[in-house]
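Next come the chains, spelled out residue by residue.
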Amino acid sequence: MDGDEQHRVLDPEHDAAALKALTHPLRIRLLTLLRQDGPATASELAARTGGTSASTSYHLRVLAKYAFVAEAEHRDRRERRWRAAHLVTSWSNKAMDAGPQSRAFVGFARRRQIEHLETSLARHEADLAAGRLGQEWVEPSDINDLLLRLTPESLAELRQELTRKAAELTTRDAADPRAAQVVFLIAGLPLAPHEPAPAGEDAS
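Because the structure is predicted, anything quoted here is derived from the model rather than measured.

Novice: Now, about the overall build of the protein: what can you tell me, with residues and values included?
Specialist: Across its full length, the protein holds seven helices and six strands. Each helix and strand of the protein, placed in order from N terminus to C terminus, yields the pattern β-β-α-α-β-α-α-β-β-β-α-α-α. Its C-alpha atoms put the protein at 75 × 45 × 35 Å along the principal axes. Counting all 204 residues of the protein, 24% fall into the buried class.

Novice: Let's hear about the packing of helix α3 (residues 42–49) against helix α4 (residues 53–65): which residues, and what values?
Specialist: Put simply, α3 and α4 touch, their axes get as near as 8 Å, and they point 110 degrees apart. By the angle class used here, α3 and α4 are roughly perpendicular. Helix-helix and strand crossings are classified by hand; for α3 and α4 the assignment is right-handed. Where α3 approaches α4, its residues A42, S43, L45, A46 and T49 are matched on the opposing element by S53, T56, S57 and L60. When grouped by side-chain class, the residues that make up the contact of α3 with α4 number four nonpolar, five polar and no charged.

Novice: Provide a residue-level description of the environment of R103, including the pertinent values.
Specialist: By the secondary structure assignment, R103 is in helix α6 (residues 100–129). Placed ten residues apart in sequence, R103 and N93 show a C-alpha to C-alpha distance of 8.5 Å. When sequence neighbours within four positions are dropped, the list of residues in contact with R103 reads M96, D97 and A98.

Novice: Which residues make up unusual backbone geometry, and what are the values?
Specialist: A positive phi angle, close to 65 degrees, is found at A67, a residue other than glycine. With respect to the secondary-structure elements, A67 resides in the loop between α4 and β4 (69–71).

Quick notes on the rules
Residues numbered from 1 in each chain as written. Predicted model: local features only at pLDDT ≥ 70, side-chain atom pairs only at ≥ 80, totals over all residues. Heavy atoms only, no water. Helix = DSSP H or I, 4+ residues; strand = E, 2+ residues; numbered from the N terminus. Buried < 20%, exposed > 50% of the residue type's maximum accessible area, 1.4 Å probe, protein only. Axes fitted to C-alpha atoms, helices over the stretch in contact; angles between N-to-C directions. Parallel < 35°, antiparallel > 145°, perpendicular 65-115°, else oblique. Left-handed = near helix turned anticlockwise from the far one by under 90°. Contact = heavy atoms within 4.5 Å. Nonpolar A, V, L, I, M, F, W, Y, C, P; charged D, E, K, R; others polar.

Right under this line is the structure:
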């Protein structure tokens, strides 16, 4: 494992067991909730996910075994609270592409991110409708699906610039009471051109 206290970088060679531990949908959900909403008990998380406290406790212990979560400060001796150990988990796509298991993990993780986007969109719309978010958030909130023509180098540069700018703005707004949690997903997915249909075949 590489990274810092806010960012964990997974290596497929050294973190194979940790990657396998994350290929469980409930564990991904629990880790997302702890990152999104802060420390919680197994019972609180079970209520949010529709599971049982026993099942949630088990999966939290698995996440703790591989250092994705850790015990948080307890409000009293009767409870056991958990927190996310890092705000971000990432990896090298090139390193992950070296083996079938790590490639499968990347595909699994990306599809969970799409599910997270759908869940976040529903929550965002409900928060606006109920007045939990002010009207000042209506204009800057958006989802775009731009179609760009870029080289591999330009796509890498774009990712780096977005990451750098996100970190800069997060630091700038850290102490601003108006700041709210924002789900910001970045996707850069090159597509190969379609092969032309063979002569005499209907291309429709």
